[in-house]
Structures are given as C-alpha cells and as structure tokens.
Amino acid sequence: MATNRTFTMIKPDAFGAGNSGAILKMIEEAGFKIVALKATKLTKEVAGKFYEVHSARPFYGELCDFMSSGPIIAAILEKENAVADFRTLIGATNPKEAAPGTIRNLFAKSIDANAVHGSDSDENAAIEGNFFFSQFERIA
Ligand code: CMP
C-alpha cells in the first residue's frame, strides 16, 4: 500500500553552505508538511548503516566519508504521493542531469555533494524514517 510519507536529509554540502533554510522553504512551498525534523551529525559508522544497501557499490566508502563530514538535517515529510513527488522536486541524483528549478539543480555540487537525499520507495521511506526518529520525535 502506498503511504504519504517520505524521508529526506539535507546533506553536509548544503547544510555547510547555509542552504538549509532555502531548501526547507522549497519543500514547504511544494506542499510537504514536516512530521519530524532534526539537525545532527553522523559518524562514519552510522552513515555506513544508513547506506548499507549501497555497501557493494564502488562509491560506498566515499559516500560514508562525505555523509559524516559535517552536520545534516533529517526530516520525515508528508504529502499525497510523497515519495514520487519529492523525487521530482529534488531532481536527478547527478546534478548535471537534474531538471532546471529542482533542488539539486539549484544547490548540488556533484553526485556525492548532491544537497539532499530522498527515499526511493515507500518501504525505504518507512525504514529510513524509523532509523532517525522514535515515535516521540514525530508530530504524528
Ligand atoms: P542518495 O540519494 O543519498 O543515495 C545514495 C547516494 O550515493 C546518492 O544520493 C549519491 O550522493 C551517492 N552516489 C555517489 N556516486 C553515485 C553513483 N554513481 N550512483 C548513485 N549514487 C551515487
């Protein structure tokens, strides 16, 4: 069954550049409601656990190094068709391929420093949201 929630992170590049506020504004203006939100900093081990699904990929080490290189913002977002609509809002993983006006088109620097993460399925949205937030850290 499709759910109406997705999970996102504002990555260290965008957080460090002071773009968190602009990105959250775009997210809210696109109709997403914030269900949970926190600023935090991942250790390399925690980043490795979060991205375990990519552990066999050649970029896994660099991904974990990058995601633990500075603070991030993690959030659960709610909207009808949340996963697909959020992926449209953020644009392609590689910013060179991200459509004009998308978050990655505006703020990403490279395929690693690509400003934001967005869940790729309802199942992963639930897993990723649960990874970061307990029930007491959510509005609902
Ligand atoms: P994200 O949506 O957070 O999911 C995994 C991340 O791996 C992805 O964004 C990219 O930042 C990073 N990555 C680095 N190289 C690649 C690649 N070749 N293909 C997909 N993702 C990559």
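I will try to describe carefully the structure that is included in this document. (Residues numbered from 1 in each chain as written. Predicted model: local features only at pLDDT ≥ 70, side-chain atom pairs only at ≥ 80, totals over all residues. Heavy atoms only, no water.)

**Examining the overall build of the chain**
Here is step 1: Broken down by element type, the chain carries seven helices and four strands.
Here is step 2: Reading the secondary structure of the chain in the N-to-C direction produces β-α-α-β-α-α-β-α-α-β-α.
Here is step 3: Against the 2.2 N^0.38 benchmark of 14 Å for 140 residues, the chain shows a C-alpha radius of gyration of 14 Å, consistent with a compact globule.
Here is step 4: Every one of the 140 residues in the chain was classed for burial, and the buried ones make up 44%.
Here is step 5: Taking contacts inside the chain between residues at least 6 apart in sequence as the whole, the part at least 24 apart equals 76%. (Helix = DSSP H or I, 4+ residues; strand = E, 2+ residues; numbered from the N terminus. Rg over C-alpha atoms; globule rule 2.2 N^0.38 Å. Buried < 20%, exposed > 50% of the residue type's maximum accessible area, 1.4 Å probe, protein only. Contact = heavy atoms within 4.5 Å.)

**Examining the sheet that holds strand β1 (residues 5–10)**
Here is step 1: With antiparallel pairing, the four strands of this open sheet are ordered in space as β2-β3-β1-β4. The two strands at the open ends of the sheet, each matched to only one other strand, are β2 (33–40) and β4 (116–118). Within this sheet the neighbouring strands show an average axis-to-axis angle of 15 degrees, counted without direction.
Here is step 2: Alignment of β1 against β4, held across three bridges, turns out to be antiparallel. What sits directly across from Thr 8, in β4, is Gly 118. (Pairing = 2+ DSSP bridges. Axes fitted to C-alpha atoms, helices over the stretch in contact; angles between N-to-C directions.)

**What about the site of the ligand?**
Here is step 1: Around the ligand, the structure places Lys 11, Tyr 51, His 54, Phe 59, Leu 63, Thr 93, Arg 104, Ile 111, Asp 112, Asn 114 and His 117.
Here is step 2: At 3.4 Å, a side-chain N or O of Arg 104 approaches an oxygen atom of the ligand.
Here is step 3: A distance of 3.3 Å separates an oxygen atom of the ligand from a polar atom in the side chain of Asn 114. (Near = heavy atom within 4 Å. Polar contact = N/O pair within 3.5 Å; in protein donor to acceptor, adjacent residues only side chain to side chain.)

**Brief notes about the layout of surface pockets**
Here is step 1: Taken as a whole, the largest pocket holds about 620 Å³ of empty space.
Here is step 2: If you go around the largest pocket, you meet 24 residues; those closest to its centre are Tyr 51, His 54, Phe 59, Leu 63 and His 117.
Here is step 3: Broken down by secondary-structure element, the contributors of at least two residues to the lining of the largest pocket are α3 (44–50), α5 (82–90), β4 and α7 (122–132).
Here is step 4: Looking at the lining of the largest pocket element by element, the count peaks at four residues for α7.
Here is step 5: Partitioning the lining of the largest pocket into residue classes produces nine nonpolar, six polar and nine charged. (1 Å grid on protein atoms, 1.4 Å probe; cavity = no way out; pocket = protein on both sides within 12 Å on 5 of 7 lines; lining within 4 Å. Points joined across faces, edges and corners; volume = space filled by probe spheres on them. Nonpolar A, V, L, I, M, F, W, Y, C, P; charged D, E, K, R; others polar.)

**Some points on the pairing of strand β3 (residues 72–78)**
Here is step 1: Within β3, six of the seven residues are buried, which leaves it mostly tucked inside the rest of the structure.
Here is step 2: Where β1 and β3 come together, six bridges link them in antiparallel fashion. Across the sheet, residue Thr 6 finds its bridge partner in β3, namely Leu 77.

**Some thoughts on the environment of Asn 130**
Here is step 1: Looking at where Asn 130 falls in the secondary structure, it is placed in helix α7.
Here is step 2: The class of Asn 130 is exposed, set by a relative accessible area of 51%.
Here is step 3: Sequence separation between Asn 130 and Pro 95 is 35 residues; the distance between their C-alpha atoms is 28 Å.

**Topic: the pattern of salt bridges**
Here is step 1: Going through the model one piece at a time under the given rule, you end up with five salt bridges.
Here is step 2: For Lys 25, the salt bridge goes to Glu 29, with nearest N and O atoms at 3.1 Å. With Lys 25 and Glu 29 both in helix α2 (residues 20–29) and four residues apart, this pair spans about one turn of that helix. (Salt bridge = Lys/Arg side-chain N within 4 Å of Asp/Glu carboxyl O.)

Nothing here speaks to function; it is geometry throughout.
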